[in-house]
Every structure is written in C-alpha cells, then in structure tokens.
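Coordinates in review
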Amino acid sequence: EWNARLNAGLPLARGVAELVAAHPDQAELITAYELRWHEMLGGAFEGTVAILRELRFAGLRTYALSNWSAETFPGTRPLYPFLEEMDGILISGEVRVGKPDPAIFRLFLARFGLTAQSTVYVDDNQPNVTVAAELGMVAVRFTGAPQLRSDLRGLGLPLGAEPPETAAFEAPGVPSRHE
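Below you will find a few notes about this structure. If you're wondering where the values come from, they're calculated on a predicted model, not measured in any experiment. (Residues numbered from 1 in each chain as written. Predicted model: local features only at pLDDT ≥ 70, side-chain atom pairs only at ≥ 80, totals over all residues. Heavy atoms only, no water.)

**Brief notes about the pattern of salt bridges**
All chains considered together, the criterion is met by eight salt bridges. Two residues, Arg5 and Glu18, come together in a salt bridge whose shortest N-O distance is 2.9 Å. One end of the pair, Arg5, is in helix α1 (residues 2–7); the other, Glu18, is in helix α2 (residues 12–22), with 13 residues separating them in the sequence. Given a relative accessible area of 35%, Arg5 falls into the partly exposed group. (Salt bridge = Lys/Arg side-chain N within 4 Å of Asp/Glu carboxyl O. Helix = DSSP H or I, 4+ residues; strand = E, 2+ residues; numbered from the N terminus. Buried < 20%, exposed > 50% of the residue type's maximum accessible area, 1.4 Å probe, protein only.)

Shown next as structure tokens:
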C-alpha cells in the first residue's frame with residue numbers, strides 16, 4: 001500500500017518520513033528503501049525484450065504504462081536501454097494515479113492517441129489485465145516470454161515462432177534474467 005502511494009505521486013521523502021513516524025523501530029530499513037531502491041532492480045527479461053524488438057522491427061508502435069515513482073523512474077532508464085525504443089512511456093507517479101485505476105488507462109490511450117480496441121495491453125498483474133479488458137483493450141496476462149510470444153502470434157501479430165538470434169541484452173550493473 002505504501003509503495004502504491006509512492007507510485008501514485010507521493011513524494012519519496014514525505015512517504016519515508018510518514019512511515020518512519022508510524023514505525024520508528026524500522027526507521028533504518030525504511031530509510032534504506034529510499035537510499036538503496038536501485039539495488040532491488042533486476043535485469044531485463046531477454047526473451048521479452050526480443051519480442052518487443054520484433055514487434056518494433058515489424059513496424060508496430062510500442063508503449064509502456066508503469067506504476068513507478070516519478071522520482072525514482074529516471075534512474076532506471078540507463079539500466080534498461082530498451083525503454084528508449086518505446087514510442088511513449090506513461091509513469092503513474094508523474095500523473096498521480098496508478099494501475100489498476102481505470103483513469104490511468106484512459107489517460108494512456110488519450111495521451112498516445114490510441115483506441116482501446118486496437119491496443120494490445122500486456123501485464124503480469126491480473127487486476128490490471130481485467131481493467132484493460134473492461135475498457136475494451138485486447139488484454140494479455142504475462143506469464144513468461146514463450147507464452148507471450150504464443151499469445152501475440154494467436155492475435156495475428158507479426159512474430160516468429162522462435163525468437164531471432166539477437167545479441168544478449170544486459171543493462172550495465174544489472175544482471176540479466178533469462179526465461
């Protein structure tokens with residue numbers, strides 16, 4: 001709940017101060033969250049990045065919609081170069097509303113000039129997938145790159161049966177994840 005509030009625009013310093021006041025016995029751990037949040041990040045999922053790049057190579061536009069603090073998100077961009085390949089990114093902390101609130105999905109569609117019926121939305125969180133579907137998007141639950149590839153191919157998107165041979169993606173200082 002606390003992290004969701006940060007992702008919805010609560011300033012990090014204020015959020016930390018509030019939580020420390022409520023749990024002074026955990027002040028060191030709470031403060032560590034503010035100072036060391038970047039250590040919690042994992043690497044990119046190579047199989048998923050390969051799918052993203054295949055879709056872009058085929059001429060499709062790609063966008064990101066993420067629940068993330070507006071203060072910490074900029075520090076992630078150098079770690080995940082594929083973000084620079086997106087046609088647009090909407091961060092919950094920047095607009096002060098997070099998923100699964102339907103308002104952020106509507107804002108996302110409007111900001112990028114998308115129609116719900118022609119937008120494929122992929123998320124690993126079922127409540128987010130449910131709201132996207134309720135708003136008319138083609139919603140896909142992410143469970144891993146192989147299943148995503150199959151699901152997207154089933155929708156008629158231009159993906160090969162197997163990922164193409166590509167250079168492995170690794171963010172500087174962040175271990176990559178294989179799936």
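**Examining helix α8 (residues 145–154)**
Inspection of α8 places Ala145, Leu148, Arg149 and Leu152 among the buried residues, and these make up the whole buried set. Each buried residue of α8 lies within a common arc of 100° when the element is viewed along its axis, so the set occupies one face. Away from its buried face by more than 90 degrees, α8 exposes Pro146 and Gly154. Along its buried surface, α8 packs onto α4 (46–57), β3 (120–123) and β4 (138–141). Note on α8: the residue one or two positions beyond its end, Gly156, has a positive phi of about 90°. (Arc of directions from axis to C-beta. Contact = heavy atoms within 4.5 Å.)

**Examining the environment of Gly15**
As for its placement among the helices and strands, Gly15 is situated in helix α2. Each C-alpha atom, one on Gly15 and one on Glu34, is 9.3 Å from the other, the two residues being 19 residues apart in sequence. Apart from residues no more than four positions distant in its own chain, Gly15 is found in contact with Trp2, Leu6 and Leu10.

**A closer look at unusual backbone geometry**
Between Lys99 and the following residue, Pro100, the backbone shows a cis peptide bond with an omega angle of 10°. A positive phi is found at Arg96, a non-glycine position, where the angle reads about 65°. Structurally, Arg96 can be placed in the loop between α5 (92–95) and α6 (102–111).

**Some points on the packing of aromatic side chains**
A complete count under the given rule lists seven aromatic pairs for this structure. The interplanar angle of 75° and the centroid separation of 5.9 Å between the aromatic rings of Trp68 and Phe73 together place this pair among those described as edge-to-face. Feature note: the residues Tyr63, Phe108 and Phe112 constitute an aromatic cluster, connected by ring pairs. (Phe/Tyr/Trp six-rings, centres within 6.5 Å; stacked < 30°, edge-to-face > 60°.)

**Focus on the packing of α2 against helix α3 (residues 27–36)**
The geometry of α2 relative to α3 is characterised by a closest axis approach of 9 Å and an angle of 170° between their N-to-C directions. In terms of axis orientation, α2 runs roughly antiparallel to α3. When α2 is examined against α3, the residues Leu12, Ala13, Val16, Leu19 and Val20 are found in contact with a partner set consisting of Ala27, Ile30, Thr31, Tyr33 and Glu34. Looking at the contact of α2 with α3, its residues break down into eight nonpolar, one polar and one charged. (Axes fitted to C-alpha atoms, helices over the stretch in contact; angles between N-to-C directions. Parallel < 35°, antiparallel > 145°, perpendicular 65-115°, else oblique. Nonpolar A, V, L, I, M, F, W, Y, C, P; charged D, E, K, R; others polar.)

**A closer look at the side chain of Thr72**
Relative to the helices and strands, Thr72 resides in the loop between β1 (63–66) and β2 (88–91). Relative accessible area serves as the criterion here: at 10%, Thr72 is assigned to the buried category. Here Trp68 takes part through its side chain, which lies 3.0 Å from a polar atom of the side chain of Thr72. Once residues lying within four places of it in the same chain are set aside, the contact partners of Thr72 are Leu12 and Trp37. (Polar contact = N/O pair within 3.5 Å; in protein donor to acceptor, adjacent residues only side chain to side chain.)

Treat this as a map of the structure, not an account of what it does.
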